[in-house]
Structures are given as structure tokens and as C-alpha cells.
Amino acid sequence: QLLAIRNIQLLLVLAVGVFFLNHGFTSWAPTLLKERGMTLAAAGFWTAGATAIGALGTVTISGIAPPGRRVLTMVGLLVLATVATVVLAFISGYAIIAPLIVSNWARMPMIAVLSLLVMETRGVGTLRVGAAMGLFFVAAEIGGFSGPFVVGLLRDSTGELMWGGLALAIAAGAMVVVMPFIRESKETMADPAKFKSLSVPRKDWEELGVIATRTNRTRSKMIARLIRFYRENKGEKKNVKPNGKTG
């Protein structure tokens, strides 16, 4: 059922692409820096430093990408990663540090943002979020393996990492094209304080969502009438008298 949701299908493809980009770059970054003129110690230092900055980017970007803007955030990150990866493929020396940092800062938050998009996709819900994330990371690991493999294969074939870097940039650019097709939920989470006004325990209302997916036709009609009443009254608090009138 999850695989029938178009958003999930596209997000699984993006998961493969993001892991392809991340693992392909991270696995070969020290070798790239060494081949571009750095010592082995300097290459290891700057790779580790850029990774730390990428982790900081994960914390900051995830916090400032609210519902409704996650797709736009992903497009921005992918564009930055594409440009930085192309630059990395052609420059050498210590000038390579700046695009290295930008690339890591842009790439590492992508998985967090995509994960949020998966969890917020209509049709997933709390009952299926575990299965959805499981599918997401199973698909992602295909890219996790193929990224370093493809970069290594291109290096062995051509004798340099430039073509592997360009392959990663092409993958990032291709994901930019896919992103506009993601349907993002713009709904915000309910304010827990509002539950204080309910005349029944909060857990009963939460259980209603479970009952709606595991019930017979009679109870489904009862739930439908409850939802219809809420929508007709626009969520306003109204006391209902036995004769059906409000007052």
C-alpha cells in the first residue's frame, strides 16, 4: 500500500540519489584532496572538518525548514551541492577547501529533510511511519553502495577522480528535476494545549484514528458523521441538545 503512494515512490528514488551522492563523495574525499596536492594528513584533517560542518548543517537546516518549505529547501541544497561538486572536480590545491565545506554543508542535511517529507506524506500516518522509513533506508542503501562503486569504477577507467565527481554532480542535478513533483503537506502539528478543552480523554481521540482504519461499516459511518459535524461547524465549540439543535 505504501508503494502505491506516488510521493513515496519519488522519495524512494531521491533516497537512492542522495545516498549515491553522499557516500560516493565522502568515501573518495580524502583521495580527491590528496590527488589535488594536499598531504595525507591535511586531506584527513580537512575531510573530518568538512564532515563536522556538515553535521552542523544538518542541525541548522532541519530546524529552519518548516512544513510547506521542505521541497524548496531540498532544491536549494541540491543546487548548492551540484555547483560545489562541479567546482571540486576542476580545481586543486588549498582552494578546494571552500567548495568542500559548501558541499558537505549542503549534502548532509538532505537525508533529514527527505525523512521529514516521508513522515508527512498523506497516507503514511503514525501506523505506517515505521514501515515507510524502513523502505526509505532500504532503498537509500542501494545508492550507498553504488555511489562509491561508480566513482571508483570511473577512476579506474580514466585514471582520475574528475569524472566520478561529474557523475555525482549529474546525480544531484537530476534530483533537482524530480523535486517539484513531490507533494508536500503544509499542515502543522496540532497544538497540544487545545486538547484541554475536550470532554473526553485525549487518548480516546487518538484511538479514534486507529479505529477508523480497523472497523466495520457501521462504526465507519458513525466516525464519518462525527467528522462531518466537525467540518460543518468549522471546529467551533457548540453544545448539541438532544433534539439536534445547537445552543
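First things first, this report covers the structure right here in the doc. Sequence positions are assigned chain by chain, starting from 1 and proceeding in written order. In keeping with the predicted nature of the model, local features appear solely for residues at pLDDT of at least 70, side-chain atom pairs appear and are counted solely at 80 or more, and the whole-chain, interface and lining totals rest on all residues. Working from all heavy atoms in the structure, the side-chain values ignore hydrogens and water.

With that settled, consider the overall build of the protein chain. Per the convention used, a helix needs a DSSP run of H or I reaching at least four residues, while a strand needs a run of E reaching at least two, with both numbered from the N terminus. Tallying secondary structure elements over the protein chain gives nine helices and zero strands in all. Ordered by position from the N terminus, the helices and strands of the protein chain form the series α-α-α-α-α-α-α-α-α. Here the protein chain holds 247 residues, and the buried ones make up 36% of them. Pairs at least 24 residues apart make up 77% of the contacts formed inside the protein chain by residues separated by at least 6 positions. Surface accessibility in these figures is a Shrake-Rupley result with a 1.4 Å probe; residues are shielded only by whichever protein chains are displayed. Element-wise, carbon and sulfur atoms account for 65% of the exposed surface of the protein chain, whose accessible area totals about 14,500 Å². Any residue under 20% of the maximum accessible area for its type is buried, any over 50% is exposed, and the rest in between are partly exposed; the area is computed with a 1.4 Å probe on protein chains only. Contact between two residues is taken to exist if any of their heavy atoms lie within 4.5 Å; hydrogens are not considered.

In this section: the nonpolar core. Ranked by internal contacts, the top residues of the largest apolar core, which has 51 residues, are M74, M110, L114, F136 and M179. Taken together, the elements giving at least two residues each to this core come down to α1 (6-35), α2 (40-63), α3 (70-90), α4 (97-107), α5 (110-120), α6 (125-158) and α7 (162-178). Tallying contributions element by element places α1 first for this core, with 14 residues. Aside from chain neighbours lying at most four places away, what touches F136 is L11, L12, A15, I111, L114, S115 and V118. Here, nonpolar core refers to any group of buried Ala, Val, Leu, Ile, Met, Phe, Trp, Tyr and Cys residues whose side-chain atoms link them within 4.5 Å.

Looking now at the packing of aromatic side chains. Two measures describe an aromatic ring pair: the distance that separates the ring centres and the angle between the ring planes. Aromatic contacts are taken between Phe, Tyr and Trp rings whose centres are within 6.5 Å, Trp giving its six-membered ring; a plane angle under 30 degrees counts as stacked, one over 60 as edge-to-face, and the others as tilted. Scanning the entire structure with this criterion turns up four aromatic pairs. Ring centres of F136 and F137 lie 5.1 Å apart, and the angle between their planes is 90°; on these two criteria the pair is classed as edge-to-face. F137 gets classed as partly exposed once you look at its relative accessible area, which sits at 36%. Every member of this aromatic cluster is reached through a ring pair, and the members are F19, F136 and F137.

In contact at an axis separation of 10 Å, α5 and α6 are set at 140° when each is read in the N-to-C sense. By the angle between their directions, the pair α5 and α6 is classed as oblique. Classified by chirality, the crossing of α6 by α5 is right-handed. Listed contacts from α6 to I111, L114, S115, V118 and M119 of α5 are V129, A132, M133, F136 and F137. Class assignment for the residues of the contact of α5 with α6 results in nine nonpolar, one polar and no charged. The convention used is that axes are lines fitted to C-alpha atoms, helices contributing only their stretch in contact, and that angles between N-to-C directions extend from 0 to 180 degrees. Each angle gets one of four labels, with under 35 degrees taken as roughly parallel, over 145 as roughly antiparallel, 65 to 115 as roughly perpendicular, and the rest as oblique. If you view the pair so one helix is near and one far, a crossing is left-handed when the near helix is turned anticlockwise from the far one by less than a right angle, and right-handed when it is turned clockwise. Residues are grouped as follows: nonpolar covers Ala, Val, Leu, Ile, Met, Phe, Trp, Tyr, Cys and Pro; charged covers Asp, Glu, Lys and Arg; every other residue, Gly included, is treated as polar.

The next subject is the packing of α6 against α7. The geometry of α6 relative to α7 is characterised by a closest axis approach of 7 Å and an angle of 145° between their N-to-C directions. Where α6 crosses over α7, the two elements pack in a sense that is right-handed. Counting all contacts with α6, which are made through V151, L154 and T158, the residues of α7 involved are W163, G164, A167 and L168. A per-class count over the contact of α6 with α7 returns five nonpolar, two polar and no charged.

Before going further, it helps to spend a moment on the environment of L116. Along the chain, the position of L116 falls in helix α5. Separated by 51 residues in the primary sequence, L116 and A65 have C-alpha atoms spaced 9.9 Å apart.

All right, on to the pattern of salt bridges then. By definition here, a salt bridge exists when the distance from a side-chain nitrogen of Lys or Arg to a carboxyl oxygen of Asp or Glu is within 4 Å. As enumerated under the stated definition, the model contains two salt bridges in all. Across the salt bridge formed by E35 and R155, the nearest N and O atoms sit 2.5 Å from each other. Of this pair, E35 sits in helix α1 while R155 sits in helix α6, placing them 120 residues apart in sequence. Taking the relative accessible area as the measure of exposure, E35 reaches 35% and is therefore partly exposed. Here R70 and E120 are joined by a salt bridge, their closest N and O atoms 2.6 Å apart.

Everything listed is a geometric property; what it means functionally is a separate question.
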